[in-house]
Amino acid sequence: MPESIRIGALASGGGTNLQSIIDACEAGKIDGSVVAVISDNPDAGALERAHNHTIDAHQIEVPETGTEGWKEADRTIIESLEDHDVDLVVLAGYMRIVGPEMVEAFRGRMMNIHPALLPAFPGVEVQWDAVEYGVKLAGATVHFVVEEYDTGPIIIQAGVPVEQDDSGQDLADRIIELEHRIYPQAIRWFAEDRLSIEGRKVVLEDPAEVEAGDGPYIVNPPLEAF
Ligand code: GRF
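Residues numbered from 1 in each chain as written. Predicted model: local features only at pLDDT ≥ 70, side-chain atom pairs only at ≥ 80, totals over all residues. Heavy atoms only, no water.

A. Spatial organisation of helix 6 (residues 168–191). With 24 residues, helix 6 should cover 34 Å at 1.5 Å per step; its first-to-last C-alpha distance of 34 Å lies within 8% of that length. In the structure, helix 6 departs most strongly from a straight axis at Glu 179, where the bend amounts to approximately 25°. (Helix = DSSP H or I, 4+ residues; strand = E, 2+ residues; numbered from the N terminus. Expected span 1.5 Å × (residues − 1). Bend = angle between axes of the 7 residues up to and from the residue.)

B. Focus on the packing of aromatic side chains. Applying the stated criterion across every chain yields a total of 1 aromatic pair. Plain terms: the ring middles of Phe 121 and Tyr 133 are 5.8 Å apart, the flat faces sit at 80° to each other, and that makes the pair edge-to-face. Residue Phe 121 is located in the loop between strand 5 (110–114) and helix 5 (126–133), and its partner Tyr 133 is located in helix 5; the two are separated by 12 residues in the primary sequence. Here Tyr 133 falls in the exposed class, since its relative accessible area comes to 64%. (Phe/Tyr/Trp six-rings, centres within 6.5 Å; stacked < 30°, edge-to-face > 60°. Buried < 20%, exposed > 50% of the residue type's maximum accessible area, 1.4 Å probe, protein only.)

C. Main features of the environment of Val 142. With respect to the secondary-structure elements, Val 142 resides in strand 6 (residues 137–144). According to the relative accessible area criterion, Val 142 is buried, its value standing at 0%. Linking Val 142 and Leu 117, residues 25 residues apart in sequence, is a C-alpha distance of 9.4 Å. With residues near it in sequence (within four places) discarded, Val 142 still touches Met 111, Asn 112, Ile 113, Ile 154, Ile 155, Ile 156, Ile 182, Tyr 183 and Ala 186. (Contact = heavy atoms within 4.5 Å.)

D. Focus on the pairing of strand 6. When you tally the buried positions in strand 6, you get 7 out of 8 residues, the bulk of the element. Pairing of strand 5 with strand 6, which is carried by 4 bridges, proceeds in the antiparallel orientation. Following the sheet pairing, His 114 is matched in strand 6 by Thr 141. Sheet analysis places strand 6 next to strand 7 (residues 154–161), joined by 7 bridges and oriented antiparallel. Residue pairing across strands places Leu 137 opposite Pro 161, the latter belonging to strand 7. (Pairing = 2+ DSSP bridges.)

E. The side chain of Gln 19, seen in detail. In this fold, Gln 19 is placed in helix 1 (residues 16–26). Polar side-chain contacts of Gln 19 include one of 3.1 Å to the side chain of Arg 49. In this structure, Gln 19 is in contact with Arg 49 and His 53, ignoring residues within four places of it in sequence. (Polar contact = N/O pair within 3.5 Å; in protein donor to acceptor, adjacent residues only side chain to side chain.)

F. Structural detail: the site of the ligand. By nearness alone, every residue bordering the ligand is listed as Gly 13, Gly 14, Gly 15, Thr 16, Asn 17, Gly 93, Ile 113, Pro 115, Ile 176 and Glu 179. In this structure, an oxygen atom belonging to the ligand sits 2.6 Å away from a side-chain N or O atom of Thr 16. Contact between the ligand and Glu 179: an oxygen atom at 2.7 Å from a side-chain N or O atom of the residue. At the level of secondary structure, the elements contributing two or more residues to the shell around the ligand comprise helix 1 and helix 6. When grouped by side-chain class, the residues that make up the shell around the ligand number 3 nonpolar, 6 polar and 1 charged. (Near = heavy atom within 4 Å. Nonpolar A, V, L, I, M, F, W, Y, C, P; charged D, E, K, R; others polar.)

G. Spotlight on unusual backbone geometry. Cis geometry marks the peptide bond from Leu 118 to Pro 119, where omega comes out at 10°. You can see Pro 119 is positioned in the loop between strand 5 and helix 5. In the segment running from Asn 220 into Pro 221, the intervening peptide bond is cis, with an omega of -5°. Following the sequence through the fold, Pro 221 ends up in the segment after strand 10 (218–220). A positive phi angle, near 50°, is found at Thr 54, a position not held by glycine. Locating Thr 54 in the fold gives a position in the loop between helix 2 (45–52) and strand 3 (56–59). Despite not being glycine, Asp 193 shows a phi value in the positive range, around 60°. With respect to the secondary-structure elements, Asp 193 resides in the loop between helix 6 and strand 8 (195–198). The exposure class of Asp 193 is partly exposed, given its relative accessible area of 43%.

This is the structure we're talking about:
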């Protein structure tokens with residue numbers, strides 16, 4: 001692992017997770033920097049956030065999933081990330097399916113954040129699904145990306161309570177606060193070269209010695225710097 005990692009981000013939306021990663025890098029909490037941001041959405045707030053931090057950012061048109069054009073777009077994204085010599089790719093609210101070629105190109109060094117406690121509630125708008133289902137605990141997951149969506153080896157999870165009168169938006173607001181802590185934490189561990197993948201499991205070297213339940217919510221492995 002190089003001294004300081006180079007991070008490439010794919011994002012489709014507002015980019016608050018991206019912002020938390022940029023901020024953690026700038027604060028020295030992650031020994032690395034975001035060097036490229038790519039979006040399928042020309043109006044993504046994530047692009048503006050990147051520009052505000054003078055990070056190279058651009059939009060790539062991504063046609064419908066599964067088409068030849070979609071595969072071609074993935075190749076263009078891979079090339080761009082390789083041109084930027086990235087060590088790690090983070091999906092930060094990237095709302096498109098990542099194709100097998102991209103998964104292969106960055107195997108073991110591509111992460112995603114998902115606003116549910118996987119393997120429960122894969123997919124999109126899952127905070128609303130969780131409220132509808134009536135679960136009492138919800139949360140967020142950071143995992144490595146594999147071919148099958150939302151199934152990769154799990155790096156860290158955070159659990160939050162679902163209150164009786166929560167709307168989907170209430171729950172989403174509660175979850176995203178934790179997303180902004182666990183994603184930078186996972187990236188910091190990666191930058192410290194403390195993560196290894198053993199089959200389905202991610203093993204963290206030398207985890208912090210605090211109870212998983214310390215703090216307002218359950219986060220495991222425990223947070224160190226966030
Ligand atoms: C987050 O909830 C993330 O988990 C999901 O999409 C949302 C993106 O939000 N995949 P933002 O663009 O990072 O603000």
